[in-house]
Amino acid sequence: MRNFDSLSEREILALAISLEEEDERVYADFAEGLRQAFPASAAVFDGMRSEESVHRRRLLELFREKFGDHIPLLRRQDVRGFVRRKPVWLVRPLGLETVRNQASAMEVETRNFYERAAARAQDVRIRQLLDDLAQEERSHEDRAEALEKDKLRPDVKHREDEADRRLFVLQIVQPGLAGLMDGSVSTLAPVFAAAFATHNSWDAFVVGLAASVGAGISMGFTEALSDDGSLTGRGHPWVRGFICGLMTAVGGIGHTLPFLIGDFQIAMIAAVFVVVIELGVISWVRQRYMETTALSAVLQVGLGGVLVFVTGILIGRS
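Residues numbered from 1 in each chain as written. Predicted model: local features only at pLDDT ≥ 70, side-chain atom pairs only at ≥ 80, totals over all residues. Heavy atoms only, no water.

**Points about the pattern of salt bridges**
Logical step 1: Within the structure shown, the criterion is met by 13 salt bridges.
Logical step 2: A salt bridge links arginine 2 to glutamate 11, with the nearest nitrogen and oxygen atoms 3.0 Å apart.
Logical step 3: For the salt bridge of arginine 75 with aspartate 78, the shortest nitrogen-to-oxygen distance reads 3.2 Å.
Logical step 4: Judged by its relative accessible area of 34%, arginine 75 is partly exposed.
Logical step 5: Each member of the salt-bridge network shares a partner with another, and the members are Glu22, Arg76 and Glu109. (Salt bridge = Lys/Arg side-chain N within 4 Å of Asp/Glu carboxyl O. Buried < 20%, exposed > 50% of the residue type's maximum accessible area, 1.4 Å probe, protein only.)

This is the structure we're talking about:
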């Protein structure tokens with residue numbers, strides 16, 4: 001990798017051209033990835049892509065005038081000091097807030113580059129162009145806000161934010177909640193049945209661990225194979241499967257861990273306490289994200305949990 005201070009003016013211009021081309025393509029990918037779900041935000045990034053295209057053309061014209069047609073290949077990864085970008089533009093579906101944060105970071109980095117490059121340039125015209133681009137990048141945030149005001153009216157922005165929230169619920173919250181409910185509720189019966197049947201903490205722990213891990217694997221594959229997300233908008237199936245399987249295992253292991261306590265009575269009290277916390281968390285998530293009233297969420301989750309808990313006790317004592 002090259003040090004920035006070792007670059008000649010020819011190489012600085014070549015690097016600037018490469019940076020503008022990369023930013024232009026990233027904004028184009030942002031626009032394309034957002035176009036179906038967030039058309040107004042896609043229009044904003046179309047406008048930002050057009051501005052980067054103008055910058056690149058100005059740099060190309062000056063480079064050809066000063067140094068000819070051959071532009072050496074010099075990219076951001078070839079020069080020390082640039083932050084490695086996470087390729088969030090390759091992710092589908094794109095997260096609206098993630099894209100906005102990435103675009104803001106890109107503008108700051110590009111502005112810093114032009115300020116340093118302008119300070120090093122000796123040629124008057126090169127220094128002037130780099131300084132002009134630094135000023136434009138400095139005001140790019142204002143122009144981005146102007147584009148948002150033009151394309152993202154308050155009502156449109158509100159609809160897009162609501163759509164973004166619905167996608168988050170659909171792709172993350174729903175599979176996670178399904179897994180947490182299944183893991184917390186379905187494993188109650190085998191764990192407490194084993195506990196009351198044996199009155200041995202370790203036996204109850206082994207049964208609970210096996211039930212939790214097994215349920216996590218089963219639920220993970222079930223969710224991943226349910227649909228590929230292309231029509232439902234539920235996101236990548238294996239991501240959903242991982243989230244669902246992980247939360248299923250977590251839900252079951254939560255009230256299994258207290259049985260690591262050697263004293264059976266203390267372990268049982270701690271396990272019941274954990275179950276109450278788990279059901280409370282599930283009720284809160286349902287009320288917060290699934291538009292369920294607090295009373296309804298508590299009754300639905302609590303009733304199911306109590307029935308399974310009682311079933312486990314009855315079977316264990318039989």
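More follows now that the structure is in view.
**Examining the side chain of aspartate 23**
Logical step 1: For aspartate 23, the position within the fold is in helix 1 (residues 9–34).
Logical step 2: With residues up to four places along the chain from it excluded, the contact list for aspartate 23 reads Glu52, Arg85, Met106 and Thr110. (Helix = DSSP H or I, 4+ residues; strand = E, 2+ residues; numbered from the N terminus. Contact = heavy atoms within 4.5 Å.)

**A word on the confidence of the model for the chain**
Logical step 1: Mean pLDDT over the chain stands at 81; residues scoring 70 or higher make up 84%.
Logical step 2: When pLDDT is averaged over each helix and strand of the chain, the minimum, 53, is found for helix 5 (residues 140–151) and the maximum, 92, for helix 1. (pLDDT = per-residue confidence, 0-100.)

**Thoughts on the environment of proline 175**
Logical step 1: Mapping proline 175 onto the fold places it in helix 6 (residues 154–186).
Logical step 2: Of the residues examined, proline 175 reaches a relative accessible area of 1% and is grouped as buried.
Logical step 3: A C-alpha to C-alpha distance of 8.5 Å links proline 175 and methionine 247, two positions 72 residues apart in sequence.

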